[in-house]
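Listed below are the residues making up each chain.
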Amino acid sequence: MASGLLLGGAVAALITAAIPAHNSSPVFDNPPPDKIVIDVATVNGSGCPAGTAAVAVSEDNTAFTVTYSDYLAQVGGGSNPTAFRKNCQLNLIVHVPSGFTYAIAKADYRGYASLQSGANAVQRASYYFQGSSQTVFKNHNFSGSYNDSWQATDSTDWAQLVWAPCGVQRNFNINTELRVNAGTSSPSKVSFMTMDSTDGDLSTIYHMAWQECPGK
(Lines give C-alpha, C1' and ligand atoms only; values in the text may rest on other atoms or scores of the structure.)
Protein backbone atom coordinates (compact mmCIF):
# COMPACT_ATOMS: atom_id res chain seq x y z
CA MET A 1 0.00 0.00 0.00
CA ALA A 2 1.25 3.47 -0.80
CA SER A 3 3.18 5.13 2.00
CA GLY A 4 1.43 7.78 4.02
CA LEU A 5 -1.98 6.18 3.77
CA LEU A 6 -3.92 6.05 7.01
CA LEU A 7 -7.04 4.14 7.92
CA GLY A 8 -9.79 6.43 9.12
CA GLY A 9 -11.28 9.71 7.96
CA ALA A 10 -14.79 10.75 7.22
CA VAL A 11 -15.30 9.66 3.62
CA ALA A 12 -15.53 6.08 2.40
CA ALA A 13 -15.75 4.40 -0.98
CA LEU A 14 -16.93 0.83 -1.40
CA ILE A 15 -16.47 -1.44 -4.40
CA THR A 16 -18.79 -4.43 -4.46
CA ALA A 17 -18.37 -7.36 -6.84
CA ALA A 18 -21.03 -8.85 -9.07
CA ILE A 19 -21.74 -11.50 -11.70
CA PRO A 20 -23.38 -9.66 -14.62
CA ALA A 21 -26.39 -10.53 -16.70
CA HIS A 22 -25.84 -9.83 -20.40
CA ASN A 23 -28.20 -6.90 -20.79
CA SER A 24 -28.12 -3.15 -20.32
CA SER A 25 -28.45 -3.44 -16.54
CA PRO A 26 -25.93 -5.82 -14.90
CA VAL A 27 -27.33 -7.92 -12.07
CA PHE A 28 -25.22 -7.68 -8.92
CA ASP A 29 -25.04 -11.13 -7.37
CA ASN A 30 -22.09 -13.25 -6.15
CA PRO A 31 -18.42 -12.42 -6.80
CA PRO A 32 -15.97 -14.87 -8.38
CA PRO A 33 -15.13 -17.76 -6.02
CA ASP A 34 -11.50 -16.77 -5.38
CA LYS A 35 -10.30 -13.88 -3.27
CA ILE A 36 -10.00 -10.32 -4.61
CA VAL A 37 -6.94 -8.39 -3.46
CA ILE A 38 -6.55 -4.62 -3.93
CA ASP A 39 -3.33 -2.66 -3.40
CA VAL A 40 -2.77 1.08 -3.71
CA ALA A 41 -0.03 2.10 -6.14
CA THR A 42 -0.32 5.89 -5.77
CA VAL A 43 -2.63 8.57 -4.39
CA ASN A 44 -2.27 12.07 -5.83
CA GLY A 45 -4.23 15.31 -5.77
CA SER A 46 -5.15 18.37 -3.75
CA GLY A 47 -8.23 16.57 -2.40
CA CYS A 48 -6.18 13.71 -0.95
CA PRO A 49 -2.77 15.00 0.21
CA ALA A 50 -0.35 12.60 1.87
CA GLY A 51 -1.74 11.07 5.03
CA THR A 52 -5.39 11.90 4.33
CA ALA A 53 -6.52 8.90 2.28
CA ALA A 54 -6.52 5.15 2.79
CA VAL A 55 -7.80 1.96 1.20
CA ALA A 56 -8.86 -1.14 3.13
CA VAL A 57 -10.21 -4.41 1.73
CA SER A 58 -13.27 -5.96 3.36
CA GLU A 59 -12.92 -9.18 5.35
CA ASP A 60 -14.42 -11.28 2.54
CA ASN A 61 -12.31 -9.46 -0.11
CA THR A 62 -15.39 -8.63 -2.18
CA ALA A 63 -15.25 -4.90 -1.37
CA PHE A 64 -12.90 -2.14 -0.32
CA THR A 65 -13.28 1.20 1.37
CA VAL A 66 -11.45 4.44 0.63
CA THR A 67 -11.40 7.07 3.35
CA TYR A 68 -10.60 10.77 2.96
CA SER A 69 -10.20 13.39 5.66
CA ASP A 70 -9.43 16.53 3.65
CA TYR A 71 -11.54 16.51 0.47
CA LEU A 72 -13.05 20.03 0.57
CA ALA A 73 -13.46 22.69 -2.13
CA GLN A 74 -14.55 26.20 -1.21
CA VAL A 75 -14.72 29.85 -2.31
CA GLY A 76 -15.55 33.17 -0.67
CA GLY A 77 -14.59 34.81 2.59
CA GLY A 78 -10.94 34.19 3.40
CA SER A 79 -10.69 31.05 1.23
CA ASN A 80 -7.41 30.35 -0.52
CA PRO A 81 -7.76 31.38 -4.20
CA THR A 82 -6.82 27.85 -5.29
CA ALA A 83 -9.27 26.11 -2.92
CA PHE A 84 -12.19 26.34 -5.36
CA ARG A 85 -11.05 23.09 -7.06
CA LYS A 86 -9.91 19.87 -5.42
CA ASN A 87 -9.14 16.58 -7.13
CA CYS A 88 -7.89 13.10 -6.34
CA GLN A 89 -6.48 10.29 -8.48
CA LEU A 90 -6.33 6.79 -7.05
CA ASN A 91 -4.11 4.32 -8.89
CA LEU A 92 -5.18 0.85 -7.77
CA ILE A 93 -3.77 -2.62 -8.37
CA VAL A 94 -6.76 -4.97 -8.47
CA HIS A 95 -5.77 -8.64 -8.34
CA VAL A 96 -8.75 -10.47 -9.83
CA PRO A 97 -9.29 -14.24 -9.84
CA SER A 98 -7.74 -16.04 -12.82
CA GLY A 99 -10.04 -16.17 -15.83
CA PHE A 100 -12.22 -13.22 -14.83
CA THR A 101 -12.43 -9.57 -15.85
CA TYR A 102 -14.35 -6.66 -14.34
CA ALA A 103 -15.77 -3.23 -15.15
CA ILE A 104 -17.27 -0.39 -13.13
CA ALA A 105 -21.00 -0.46 -13.81
CA LYS A 106 -22.23 2.16 -11.35
CA ALA A 107 -20.80 4.62 -8.84
CA ASP A 108 -22.80 6.33 -6.09
CA TYR A 109 -21.17 9.49 -4.69
CA ARG A 110 -22.22 11.30 -1.52
CA GLY A 111 -21.07 14.32 0.44
CA TYR A 112 -22.18 17.66 1.85
CA ALA A 113 -22.53 21.09 0.25
CA SER A 114 -23.24 24.58 1.55
CA LEU A 115 -23.76 26.91 -1.41
CA GLN A 116 -24.78 30.55 -1.13
CA SER A 117 -27.50 31.92 -3.38
CA GLY A 118 -25.91 32.49 -6.79
CA ALA A 119 -23.06 30.02 -6.21
CA ASN A 120 -22.74 26.66 -7.95
CA ALA A 121 -20.65 23.49 -7.76
CA VAL A 122 -19.84 20.38 -9.78
CA GLN A 123 -18.76 16.86 -8.86
CA ARG A 124 -17.13 14.87 -11.63
CA ALA A 125 -15.40 11.53 -12.09
CA SER A 126 -13.79 9.35 -14.72
CA TYR A 127 -12.15 5.93 -14.79
CA TYR A 128 -9.59 4.13 -16.92
CA PHE A 129 -7.25 1.18 -17.00
CA GLN A 130 -3.51 1.70 -17.42
CA GLY A 131 -2.72 1.90 -21.11
CA SER A 132 -6.33 2.62 -22.10
CA SER A 133 -8.10 5.85 -22.98
CA GLN A 134 -9.69 7.74 -20.12
CA THR A 135 -13.46 7.58 -19.95
CA VAL A 136 -15.40 10.79 -20.45
CA PHE A 137 -15.90 12.73 -17.23
CA LYS A 138 -19.44 12.50 -15.88
CA ASN A 139 -20.54 15.77 -14.28
CA HIS A 140 -23.14 16.44 -11.60
CA ASN A 141 -24.09 20.09 -11.07
CA PHE A 142 -25.47 21.77 -7.94
CA SER A 143 -26.81 25.32 -7.50
CA GLY A 144 -27.25 27.57 -4.48
CA SER A 145 -28.82 28.28 -2.28
CA TYR A 146 -28.16 24.76 -0.98
CA ASN A 147 -27.24 23.48 2.47
CA ASP A 148 -27.62 19.73 2.73
CA SER A 149 -26.14 16.34 1.94
CA TRP A 150 -25.82 15.53 -1.74
CA GLN A 151 -25.78 12.32 -3.77
CA ALA A 152 -24.88 11.63 -7.41
CA THR A 153 -24.89 8.39 -9.41
CA ASP A 154 -22.92 7.42 -12.51
CA SER A 155 -24.38 4.46 -14.41
CA THR A 156 -23.08 2.70 -17.52
CA ASP A 157 -25.10 0.44 -19.81
CA TRP A 158 -23.73 -3.05 -20.35
CA ALA A 159 -22.77 -2.38 -23.97
CA GLN A 160 -20.71 0.65 -22.90
CA LEU A 161 -18.78 -0.96 -20.02
CA VAL A 162 -14.99 -0.72 -20.22
CA TRP A 163 -13.54 -4.08 -19.20
CA ALA A 164 -10.13 -4.78 -17.71
CA PRO A 165 -7.87 -6.55 -20.24
CA CYS A 166 -7.81 -10.33 -19.79
CA GLY A 167 -4.55 -12.09 -18.97
CA VAL A 168 -2.53 -8.96 -18.10
CA GLN A 169 -2.26 -6.70 -15.06
CA ARG A 170 -3.45 -3.16 -15.72
CA ASN A 171 -3.75 -0.68 -12.85
CA PHE A 172 -7.17 0.91 -12.42
CA ASN A 173 -7.39 4.70 -12.08
CA ILE A 174 -10.23 6.64 -10.47
CA ASN A 175 -10.21 10.41 -11.01
CA THR A 176 -12.59 12.56 -8.97
CA GLU A 177 -12.98 16.33 -8.71
CA LEU A 178 -14.96 18.90 -6.74
CA ARG A 179 -15.25 22.47 -8.03
CA VAL A 180 -17.10 25.40 -6.41
CA ASN A 181 -17.79 28.72 -8.17
CA ALA A 182 -18.89 31.88 -6.40
CA GLY A 183 -21.07 32.95 -9.32
CA THR A 184 -23.17 35.94 -8.33
CA SER A 185 -22.95 35.24 -4.58
CA SER A 186 -21.39 37.73 -2.18
CA PRO A 187 -17.56 37.44 -2.17
CA SER A 188 -17.63 37.73 1.63
CA LYS A 189 -19.70 34.57 2.07
CA VAL A 190 -18.22 31.07 1.95
CA SER A 191 -19.58 28.30 -0.26
CA PHE A 192 -18.13 24.80 0.00
CA MET A 193 -18.56 21.17 -1.08
CA THR A 194 -17.11 18.04 0.48
CA MET A 195 -16.91 14.40 -0.46
CA ASP A 196 -17.38 13.04 3.05
CA SER A 197 -19.84 11.82 5.64
CA THR A 198 -19.78 13.06 9.23
CA ASP A 199 -21.70 10.05 10.53
CA GLY A 200 -19.31 7.54 9.00
CA ASP A 201 -21.76 6.18 6.42
CA LEU A 202 -20.37 5.02 3.10
CA SER A 203 -19.75 7.99 0.86
CA THR A 204 -19.11 6.31 -2.47
CA ILE A 205 -20.04 2.90 -3.81
CA TYR A 206 -18.34 1.52 -6.90
CA HIS A 207 -20.29 -1.47 -8.24
CA MET A 208 -18.22 -3.95 -10.27
CA ALA A 209 -19.66 -6.13 -13.02
CA TRP A 210 -17.84 -9.42 -13.66
CA GLN A 211 -17.57 -11.80 -16.61
CA GLU A 212 -15.38 -14.73 -17.60
CA CYS A 213 -12.52 -14.15 -20.01
CA PRO A 214 -12.63 -15.93 -23.40
CA GLY A 215 -11.19 -19.42 -23.27
CA LYS A 216 -11.63 -19.84 -19.52
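Nothing here was measured: the structure is a model prediction, and the numbers come from that model.

1. A word on unusual backbone geometry
For the peptide bond that leads from Gly-144 to Ser-145, omega is 5°, which places it in the cis range. In this structure, Ser-145 sits in the loop between strand E9 (138-143) and strand E10 (146-155).

2. Examining the side chain of Lys-86
Checked against the element boundaries, Lys-86 lands in strand E6 (residues 85-95). It is Asp-70 that comes nearest to the buried, bridge-free Lys-86 among opposite-charge side chains, at 5.4 Å. Leaving out residues up to four positions away in the same chain, Lys-86 has contacts with Ser-46, Gly-47, Tyr-71, Leu-72, Ala-73, Thr-176, Glu-177 and Leu-178.

3. Quick word on the pairing of strand E7 (residues 100-115)
Counting buried positions over the 16 residues of E7 gives 13, a clear majority of the element. By the bridge criterion, ten bridges tie E7 to E10 in an arrangement that is antiparallel. Its bridge partner lying in E10, Tyr-112 is registered against Ser-149. As judged from the three bridges shared by E7 and strand E12 (residues 191-194), these two strands associate in the antiparallel manner. Bridge assignment links Ser-114 to a residue of E12, and that residue is Phe-192.

4. Considerations on the sheet that holds strand E8 (residues 120-129)
The five strands lie next to each other as E2-E6-E11-E8-E9, forming an open sheet whose pairing is antiparallel. Two strands in the sheet have a free side with no partner beyond their single neighbour: strand E2 (37-44) and E9. In this sheet, neighbouring strand axes are inclined to one another by 15° on average, regardless of whether the strands run parallel or antiparallel. Looking at chain direction, E2 and E6 are connected through seven bridges and run antiparallel. Bridging across to E6, Thr-42 finds its partner in Asn-91.

Cut-off values and rules
- Residues numbered from 1 in each chain as written.
- Predicted model: local features only at pLDDT ≥ 70, side-chain atom pairs only at ≥ 80, totals over all residues.
- Heavy atoms only, no water.
- Helix = DSSP H or I, 4+ residues; strand = E, 2+ residues; numbered from the N terminus.
- Buried < 20%, exposed > 50% of the residue type's maximum accessible area, 1.4 Å probe, protein only.
- Lys, Arg positive; Asp, Glu negative; His and termini not counted.
- Salt bridge = Lys/Arg side-chain N within 4 Å of Asp/Glu carboxyl O.
- Contact = heavy atoms within 4.5 Å.
- Pairing = 2+ DSSP bridges.
- Axes fitted to C-alpha atoms, helices over the stretch in contact; angles between N-to-C directions.

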